[in-house]
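# Structural overview for review
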Amino acid sequence: MSVQDQRPDLNWREGGIPVSQRFDDPYFSLNGGLAETRHVFLAGNDLPARLHPGFHVAELGFGTGLNLLALAEITDQPIRFTSFEAYPMDLPQLEQAHAAFPELAALAAALRAGYSARRFRLGQVEVELMIGDARDLLPQWNGAADAWFLDGFSPAKNPELWGEALMGEVCAHTTPGGTFATYSAAGHVRRALGAAGFAVTRAPGYAGKRHMSRGVRL
Ligand SMILES: C[S@@+](CC[C@H](N)C(=O)[O-])C[C@H]1O[C@@H](n2cnc3c(N)ncnc32)[C@H](O)[C@@H]1O
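Structure report, in brief. Each chain has its residues counted from 1, following the order in which its sequence is written. Owing to the predicted nature of the model, reporting of local features is limited to residues with pLDDT of at least 70; listing and counting of side-chain atom pairs is limited to 80 or more, with chain, interface and lining totals taken over all residues. No hydrogens and no water enter the side-chain calculation; it runs on all heavy atoms of the structure.

### Observations concerning the pattern of salt bridges
Note on definitions: salt bridges are taken to be side-chain nitrogens of Lys or Arg within 4 Å of carboxyl oxygens of Asp or Glu. By the definition in use, this model includes seven salt bridges. Between arginine 38 and glutamate 73 there is a salt bridge, with the nearest N and O atoms lying 2.9 Å from each other. In this pair, arginine 38 is assigned in helix 2 (residues 33-42) and glutamate 73 in helix 3 (residues 66-74), connecting sequence segments 35 residues apart. Between buried and exposed lies partly exposed: a residue is buried under 20% and exposed over 50% of the maximum accessible area for its type, with that area taken using a 1.4 Å probe on protein chains only. For arginine 38, a relative accessible area of 35% corresponds to the partly exposed category. Within the structure, one salt-bridge network assembled from shared partners comprises Asp24, Asp25 and Lys157. In this text, helices come from DSSP runs of H or I with a minimum length of four residues, and strands from runs of E with a minimum of two, each type numbered from the N-terminal end.

Below, the structure is given as structure tokens:
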């Protein structure tokens, strides 16, 4: 993939929400991205209660880094965060997206300061960004996550980030007893995660969505 192919083309909705032209989908909920992140990805993985030094969070779809910012905000333990992203935003795009979350301004500025290096420290979080298609990168990754944020665009619009083979790789790169959380409750996603080796459960979704999914590696 050339650098040109990788750059995301964005539209901006009212309230400063970026929308991907390639996938025709917003990066986070139109009803409050930060509250959604806290509900789905943090509470969905029982964070911060499970955090301990060396705890490793991994993510499919770094996007604006909002999930990382919300994680860094609640973490007082030294932890690790690895995120896979095929179409990295450039710094002006990140800055525009972060402007919607003034309460996270200091952390967001620190994120942007380290972003180009792809490995940096954000508060107590040791961050690594893996740039490329997750379907290529994850099988080669030699890490294992204690908690996953599965945050592709909607499975209907971004099926490549929710397929059976990739969900198998997610489970294979999860510690025993490790967890995942996602806003999606799509049947085929839940089945793929179950077949991969997670005990999958439904939980109440965020802001009017009936369900989200979470699971524990058996
Ligand atoms: C819903 S957005 C993620 C939002 C993000 N977690 C945040 O906090 O802003 C989905 C992300 O998945 C990325 N993506 C889509 N297909 C991908 C693939 N095959 N491999 C890696 N990343 C992919 C998109 O570029 C986009 O950044």
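### A closer look at the site of the ligand
Residue proximity to a molecule or strand is established when one non-hydrogen atom of the residue lies within 4 Å of it. Lining the immediate environment of the ligand, one finds 23 residues, of which Gly61, Thr64, Glu85, Ala134 and Asp151 sit closest. Note that a nitrogen atom of the ligand is positioned 3.0 Å from one of the backbone N or O atoms of alanine 134. Between the ligand and aspartate 151, the relevant distance is 2.7 Å, taken from a nitrogen atom to a side-chain nitrogen or oxygen of the residue. Each accessible area value is a Shrake-Rupley result obtained with a 1.4 Å probe; residue values ignore everything except the protein chains displayed when judging cover. Look at the ligand: alone it shows 610 Å² of surface, and the protein chains cover 98% of it. In this structure, the ligand is accommodated by the largest pocket. Under the convention adopted here, Pro, Cys and the residues Ala, Val, Leu, Ile, Met, Phe, Trp and Tyr are nonpolar, Asp, Glu, Lys and Arg are charged, and Gly plus all remaining residues are polar. Here the shell around the ligand is composed, by residue class, of ten nonpolar, eight polar and five charged. Contacts described as polar in this section are N or O atom pairs within 3.5 Å, which, within protein, must combine one atom able to donate a hydrogen with one able to accept it, while residues neighboring in sequence count only if both atoms come from side chains. Only protein atoms enter the 1 Å grid used here. Points where a 1.4 Å probe fits but cannot escape make up a cavity, open sets with protein on both sides within 12 Å along at least five of seven lines make up a pocket, and a residue lines them when an atom lies within 4 Å of a point. Molecules are considered to sit inside a cavity or pocket once more than half of their atoms lie within 2 Å of its grid points.

### Some details on unusual backbone geometry
Backbone torsion omega between leucine 47 and proline 48 reads 15 degrees, so that peptide bond is classified as cis. Relative to the assigned elements, proline 48 resides in the loop between helix 2 and strand 4 (56-60). Positive phi values are uncommon outside glycine, yet aspartate 24 reaches one of about 55 degrees. Mapped onto the secondary structure, aspartate 24 falls in the loop between strand 2 (17-20) and strand 3 (25-26). According to the relative accessible area criterion, aspartate 24 is exposed, its value standing at 51%.

### Description of the sheet that holds strand 3
At least two DSSP bridges between two strands are required for those strands to pair. One open sheet accounts for three strands, arranged 1-2-3; its pairing is antiparallel. Two strands lie at the open edges of the sheet, namely strand 1 (10-13) and strand 3, each paired on one side alone.

### Thoughts on the packing of helix 4 (residues 91-98) against helix 5 (residues 105-115)
Look at helix 4 against helix 5: their axes get within 11 Å of each other, and the N-to-C directions meet at 170 degrees. In terms of their interaxial angle, helix 4 and helix 5 are classed as roughly antiparallel. Counted together, Leu91, Leu94, Glu95 and His98 of helix 4 and Ala108, Leu111, Arg112 and Tyr115 of helix 5 form the full contact between these two elements. Of the residues in the contact of helix 4 with helix 5, the class split is five nonpolar, one polar and two charged. Axis definition: a line fitted to C-alpha atoms, limited for helices to the stretch in contact. Angles are taken between N-to-C directions and run from 0 to 180 degrees. In what follows, roughly perpendicular refers to angles from 65 to 115 degrees, roughly parallel to angles under 35, roughly antiparallel to angles over 145, and oblique to any angle outside these ranges. Whether two residues are in contact is decided by their heavy atoms: any pair within 4.5 Å suffices.

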